[in-house]
Amino acid sequence: MTNPKRGEIKINLADQTFTGRITLDVAQRIEMGLDMGVIEIAQHIQSGKLKISEATFIIHPVVKAGGNDISEKEIGQLCWKTGLAKSLAIVAEIVALILDPNGDSEGNVEVTAQTS
């Protein structure tokens, strides 16, 4: 069972399920490795510019931080079996959790009083 408050995420790739973990260290490694900030990565996902190699690079440290002994190449092969659309959905979920780890953004719209 995953604990979102600890940054844990369930990742289904092909026929395998992993518990991944998103930490500050993982987020920093992803940013440094891709030479992009998290928001820029999110923009790449949205615009369709994220490469398969970048997707596997993002998923791999999350899976490793969850205590799984797996190589980036194996993650790439599982992403290929899973399909690009589903793999990108996993990446999008990871990026969303990095941007908002506690899920606090929903419903936090500030309402201002209107005067007539």
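See the structure printed just above.
Residues numbered from 1 in each chain as written. Predicted model: local features only at pLDDT ≥ 70, side-chain atom pairs only at ≥ 80, totals over all residues. Heavy atoms only, no water.

*Asks:* I'd like a description of the overall build of the chain, backed by residues and values.
*Replies:* Secondary structure assignment for the chain yields 5 helices and 2 strands. The order of helices and strands in the chain, counted from the N terminus, is β-β-α-α-α-α-α. Looking at the chain as a whole, 33% of its 116 residues are labelled buried. In the chain, once contacts between residues fewer than 6 apart in sequence are set aside, the share between residues at least 24 apart is 59%. With the model as given, the accessible surface of the chain reaches about 7700 Å², and the carbon-plus-sulfur share is 50%. (Helix = DSSP H or I, 4+ residues; strand = E, 2+ residues; numbered from the N terminus. Buried < 20%, exposed > 50% of the residue type's maximum accessible area, 1.4 Å probe, protein only. Contact = heavy atoms within 4.5 Å. Areas by Shrake-Rupley, 256 points an atom, 1.4 Å probe, with all protein chains shown as cover.)

*Asks:* Quick rundown of the environment of G66? Include the residues and the values.
*Replies:* Relative to the elements of secondary structure, G66 occurs in the loop between α3 (52-65) and α4 (72-82). Beyond its immediate sequence surroundings of up to four residues, G66 is in contact with T19, G20 and R21.

*Asks:* So what's going on with the pattern of salt bridges? Residues and values would help.
*Replies:* In total, this model carries 2 salt bridges according to the counting rule given. The salt bridge involving D25 is made with R29; its shortest N-O contact spans 2.7 Å. Of the two residues, D25 and R29 are both situated in helix α1 (residues 24-34); the distance of 4 residues between them amounts to about one turn of the helix. A salt bridge links K64 to D69; the nearest nitrogen and oxygen atoms lie 4.0 Å apart. Judged by relative accessible area, which is 37%, K64 ranks as partly exposed. On the accessibility criterion, D69 (76% relative accessible area) is exposed. (Salt bridge = Lys/Arg side-chain N within 4 Å of Asp/Glu carboxyl O.)

*Asks:* Before we move on, could you go through the pairing of strand β1 (residues 8-13) and cite the residues and values that matter?
*Replies:* By the bridge criterion, 6 bridges tie β1 to strand β2 (residues 16-21) in an arrangement that is antiparallel. In the sheet register, L13 faces β2, and the bridge partner there is Q16. The antiparallel pairing of β1 with β2 creates a hairpin that spans 2 residues between the two strands, and A14 there sits at a positive phi of about 55 degrees. (Pairing = 2+ DSSP bridges.)

*Asks:* So what about the packing of helix α2 (residues 38-47) against helix α5 (residues 84-99)? Which residues, and what values?
*Replies:* Closest axis-to-axis distance for the α2/α5 pair is 10 Å, and the angle between their directions is 150 degrees. One finds that α2 runs roughly antiparallel with respect to α5. α5 is crossed by α2, and the crossing has left-handed handedness. Seen from α2, the contacting residues are V38, I39, I41, A42 and I45; seen from α5, they are V91, A92, V95, I98 and L99. (Axes fitted to C-alpha atoms, helices over the stretch in contact; angles between N-to-C directions. Parallel < 35°, antiparallel > 145°, perpendicular 65-115°, else oblique. Left-handed = near helix turned anticlockwise from the far one by under 90°.)

*Asks:* Got a sec to walk through the environment of L50? Specific residues and values, please.
*Replies:* Assignment of secondary structure puts L50 in the loop between α2 and α3. Here L50 falls in the buried class, since its relative accessible area comes to 11%. Distance from L50 to L88, taken between C-alpha atoms, is 8.5 Å for residues 38 residues apart in sequence. L50 has contacts with I41, H44, I45, A55, I58, L88 and V91, leaving out every residue within four places of it along the chain.

*Asks:* I'd like a description of α4, backed by residues and values.
*Replies:* For α4, the complete set of buried residues consists of I75, L78, C79 and T82. Around the axis of α4, the buried residues are gathered within 105 degrees of arc, so they sit on the same side. Exposed residues on α4 whose side chains face more than 90 degrees from its buried face are K73, W80 and K81. Directly beyond the C-terminal end of α4, a positive phi value near 105 degrees is found at G83. (Arc of directions from axis to C-beta.)

What is shown is where atoms sit, not what they do.
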